[in-house]
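# Descriptive analysis of the structure
Single-letter residue listing:
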Amino acid sequence: MSGKPNKFHIKSGDTVIVMRGKEAPYFDENGKKVYTKGRVIKVFPKENRALVEGVNMIKKHSRPSQANPQGGIIEKEAAIHLSNLMIEDPKTKQPTRVGYKFVEGKNNKEKKVRYAKKSGEILDK
């Protein structure tokens, strides 16, 4: 991969829903769809991946060190591909696609913001 990485629809601090993988949506006994949600901790643009709080947990074996004198097995988040994530709509709490539009900002300047396609709610503050 060469050149500049692409712009993404997901930023740090967003609440996202996992659409594929071991935390994919499923139906409970009442027939209601259950989603796995989490907050994005960090985005890795060159790898097209993101670290999501409480999602894609792995067990890592560590040797005793000064930081962790006990050693042992540590559970931590692993990065998940951006194509497997969707933004949570702030109004409906459902997965939604992201659009871009220009709104009037400070000093009558136009500002590009992200919005949820499902409800039209603006995602950027």
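Residues numbered from 1 in each chain as written. Predicted model: local features only at pLDDT ≥ 70, side-chain atom pairs only at ≥ 80, totals over all residues. Heavy atoms only, no water.

Where an unreviewed UniProt entry is consulted, the protein chain appears under the name Large ribosomal subunit protein uL24, with the organism given as Hazenella coriacea. Regarding the protein chain, the UniProt comment filed under Sequence similarities (unreviewed entry) reads as follows: "Belongs to the universal ribosomal protein uL24 family." (UniProt positions renumbered as here; feature names shortened; annotations may be inferred.)

## Notes on the pattern of salt bridges
Using the criterion set out here, one finds seven salt bridges in the structure. Note that R114 is salt-bridged to D14, the shortest N-O span being 2.9 Å. On the criterion of sequence distance, the pair formed by R114 in strand β12 (residues 110-116) and D14 in the segment before β1 (15-18) is long-range, its members being 100 residues apart. Looking at R114, the relative accessible area reads 3%, which means it is buried. Here K37 ties to E88 by a salt bridge, and the two come within 2.6 Å at their closest N and O atoms. Of this pair, K37 sits in strand β4 (residues 36-44) while E88 is found in strand β9 (residues 85-88), placing the two residues 51 residues apart along the sequence. Taking relative accessible area as the criterion, K37 reaches 38% and is therefore assigned partly exposed. Overall, the relative accessible area of 12% leaves E88 in the buried class. (Salt bridge = Lys/Arg side-chain N within 4 Å of Asp/Glu carboxyl O. Helix = DSSP H or I, 4+ residues; strand = E, 2+ residues; numbered from the N terminus. Buried < 20%, exposed > 50% of the residue type's maximum accessible area, 1.4 Å probe, protein only.)

## Overview of unusual backbone geometry
Positive phi is not limited to glycine here, since N48 has a value of about 60 degrees. In this fold, N48 is placed in the loop between β4 and β5 (49-52). Classification of N48 by relative accessible area gives partly exposed; the value is 23%. Within the chain, K93 stands out as a residue other than glycine whose phi angle is a positive 60 degrees.

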